[in-house]
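These are the residues of each chain, in order.
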Amino acid sequence: MNYQRSSQLFVEAAKVIPGGVNSPVRAFKAVGGTPIFVKEAKGAYLFDEDGNRYIDYINSWGPMLLGHAFEPVVNAVIEKAKKGTSFGTPTALETEIAALAVSMVPNVDKIRFVNSGTEACMSAVRLARGYTKRDKIIKFSGCYHGHSDSFLIAAGSGLSTFGVPNSPGVTSGTAKDTLLAKYNDIANVKELFAANRNEIAAIIIEPVAGNMGCIPPKDGFLKALREVCTENGALLIFDEVMTGFRLAKGGAQELFGVKADIICFGKVIGGGLPVGAFAGRKEIMDYLAPLGPVYQAGTLSGNPLAMAAGYEMLKSINNDSELFNRLEEKTAYLEKGLHAELSKHSIAYTINRVGSMISVHFDPNPVYDFQTAANGDNETFKKFFHGLLKEGVYIAPSAYETWFITDALSYEDLDFTIAAAGRVAEIL
Ligand code: KE4
């Protein structure tokens, strides 16, 4: 593989963009080396500026569930752009996509569109605090809900696990209202409620974690969170920015049969354009301005181009009764093939998967929370990542990310990927 043009572009980018990227994970810091600069993409493939083709297992970190340059989305955006790109007024299309999303997702009456997953999660927490008139939230170590101050929190010291900022610029005043719990540890959550009685507005969780690699909820964990929130008058927020419209038409709520109070969306819902959203029952969502007192706004929220892309995406998902079976079968096939290749060698690894979210951890033990994810051998991961990249297979440039499977993948692509993993495994 020749990366010469990408390397040149990275040098140029770094002169005018911090770190040469507009989002840190793209800079390959966790795996070393120079990021590839993508020129175009189609279906399951990326094409970089040096003419290299890659089978894409990131898919823009989730949105490209149906493949890159998905025709219905591309055509809808082109046609919509001809009629203007933004009005700052209500449009009929926003009502159409809102009604469709509400029909697909269980347990919601209304949805508010924003421009990113961060904005969706940030707004959902503000809404929960306003609705419950409480200040504190519980999040889980290793879960990522975007870069809003309340979420950039590391575990504090001591049993209270009061949060402390994990980024400069986040104030201690903000951090004190974020409590940190261990993923899959319901006893720990109950301890926090007992130590902060009547002060916790909400729990926010990735119902399937995708920011520690892919980590499934243990049996009964989500149901137990539902119960402890109900018992304590707190809201349960499912951050379905990754899982929404990916794990099922109705996302993780449908897959696990657990009802959240507010559900956050991003990624797939925008079909690759900047869209986030949060949804819930009427009595909660009507607390939002202009109806209610909780303020939330956005110049480009409900943008015509983004709504056109998202609407085509949701329509395609809603009308394809076999989509989730295909995604399950393709990802299970990949998982089986990776096991077959990696187990031929004395490599300590484990694979986690839920539907079309999958991750490889270089540790022989089960990975079920942030601590066990951190036990993975990152040097081996780096070799695995770069070995696959040289083979023309592009996985997430961090051991703390999940792979996102697209329906555009063929079984030939999957076989190529499995064989490539076998060749790379020989040098791990
Ligand atoms: P955005 O603001 O990046 O659209 O969404 C934030 C977000 C919220 N919730 C979950 C569960 C998420 O995974 C994300 C963003 N995911 C990362 C990948 N781990 C996006 C990639 C990036 O940061 O560049």
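Small disclaimer: the values here were computed from a predicted structure and weren't measured.

Participant: Is there a simple way to think about the pattern of salt bridges in this case?
Facilitator: When their charged atoms lie close together, side chains carrying opposite charge are able to pair. Under the criterion given, the structure shown has 20 salt bridges. Lys315 is the partner of Glu312 in a salt bridge, and the nearest nitrogen-oxygen pair spans 3.0 Å. Of the two residues, Glu312 and Lys315 both sit in helix α10 (residues 304-319), three residues apart, roughly one turn of that helix. Given a relative accessible area of 18%, Glu312 falls into the buried group. Exposure remark for Lys315: the relative accessible area of 27% places this residue in the partly exposed category. Across the pair Glu335 and Arg353 runs a salt bridge, and its minimum N-O distance is 2.6 Å. With a gap of 18 residues between them, Glu335 in helix α11 (residues 323-342) and Arg353 in strand β13 (residues 350-354) connect regions that are remote in the sequence. On the basis of relative accessibility, which here comes to 18%, the residue Glu335 falls in the buried class. Each member of the salt-bridge network shares a partner with another, and the members are Arg226, Asp261, Arg281 and Glu283.

Participant: Help me understand the site of the ligand, please; the structure alone is not making it clear to me.
Facilitator: If you check the shell around the ligand, you find 16 residues, and the closest are Ser23, Thr118, Asn211, Asp239 and Glu401. Here Asn211 contributes a side-chain N or O atom positioned 2.4 Å from a nitrogen atom of the ligand. Within the side chain of Asp239, a nitrogen or oxygen atom sits 2.7 Å from a nitrogen atom of the ligand. Relative to its free-state accessible area of 540 Å², the ligand is covered by the protein chains to the extent of 85%. Considering only residue class, the shell around the ligand consists of five nonpolar, seven polar and four charged. Taken domain by domain, the makeup of the shell around the ligand includes at least three residues from each of domain 1 (4-69 + 323-425) and domain 2 (71-318).

Participant: How should the sheet that holds β13 be read in this particular structure?
Facilitator: Sheets are built from strands that pair by backbone hydrogen bonding, the pairs being arranged parallel or antiparallel. Strands sit in the order β13-β14-β16 across an open sheet of three strands; the sheet is antiparallel. The open sheet has two edge strands with one neighbour each: β13 and β16 (403-404). Taken together, the five bridges between β13 and strand β14 (residues 357-361) define a ladder with antiparallel strand orientation. Looking at the pairing, Arg353 lines up with Ile358 of β14.

Participant: Looking at this model, I keep getting lost on helix α4 (residues 117-132). Mind explaining?
Facilitator: Every α-helix carries 3.6 residues per turn, so stepping three or four residues along brings you back to the same face. With 16 residues, α4 should cover 22 Å at 1.5 Å per step; its first-to-last C-alpha distance of 22 Å lies within 8% of that length. Within α4, burial applies to Gly117, Thr118, Glu119, Ala120, Cys121, Ser123, Ala124, Val125, Leu127, Ala128 and Thr132. If you check the start of α4, you find a side-chain oxygen 3.4 Å away from the backbone N of Thr118, and it comes from Ser116. The first or second residue beyond α4 is Lys133, which carries a positive phi of 60°.

Participant: Can you help me understand the pairing of strand β9 (residues 200-205) in this one?
Facilitator: Across the six residues of β9, six count as buried, placing the element largely inside the fold. The pairing of β9 with strand β10 (residues 235-239) spans four bridges and is classified as parallel. In the strand pairing of β10, Ile204 is matched with Ile237.

Participant: Would you mind showing me how to read the side chain of His145 here?
Facilitator: Among the structural elements, His145 can be located in the loop between β5 (136-140) and β6 (153-154). In terms of polar contacts, His145 uses its side chain to reach the side chain of Asp239, at 2.7 Å. Contact partners of His145, with chain neighbours within four places excluded, come to Gly117, Thr118, Cys121, Lys139, Phe151, Ile204, Ile205, Glu206 and Asp239.

Participant: Mind showing me how you'd approach unusual backbone geometry here?
Facilitator: Trans peptide bonds make up most of the peptide bonds, and negative phi angles are found at most residues other than glycine. Pro290 follows Ala289 through a cis peptide bond whose omega is 5°. Along the chain, Pro290 turns up in the loop between α9 (282-285) and α10. Even without being glycine, Asn107 reaches a positive phi, approximately 70°. Mapped onto the secondary structure, Asn107 falls in the loop between α3 (92-104) and β4 (110-114).

Participant: I tried to follow the sheet that holds strand β15 (residues 393-394) on my own but got confused; where do I start?
Facilitator: Ordered in space as β1-β2-β3-β15, the four strands form an open sheet in which the pairing is mixed. Every interior strand has two partners, whereas the edge strands, β1 (38-42) and β15, have only one. Here β1 runs beside strand β2 (residues 45-48); their pairing, made up of four bridges, is antiparallel. Note that in β2 the partner of Ala41 across the bridge is Leu46.

What counts and how
Residues numbered from 1 in each chain as written. Predicted model: local features only at pLDDT ≥ 70, side-chain atom pairs only at ≥ 80, totals over all residues. Heavy atoms only, no water. Salt bridge = Lys/Arg side-chain N within 4 Å of Asp/Glu carboxyl O. Helix = DSSP H or I, 4+ residues; strand = E, 2+ residues; numbered from the N terminus. Buried < 20%, exposed > 50% of the residue type's maximum accessible area, 1.4 Å probe, protein only. Near = heavy atom within 4 Å. Polar contact = N/O pair within 3.5 Å; in protein donor to acceptor, adjacent residues only side chain to side chain. Areas by Shrake-Rupley, 256 points an atom, 1.4 Å probe, with all protein chains shown as cover. Nonpolar A, V, L, I, M, F, W, Y, C, P; charged D, E, K, R; others polar. Domains from an automatic or database assignment. Pairing = 2+ DSSP bridges. Expected span 1.5 Å × (residues − 1). Contact = heavy atoms within 4.5 Å.

Everything listed here is a matter of coordinates, which is why it stays silent on function.
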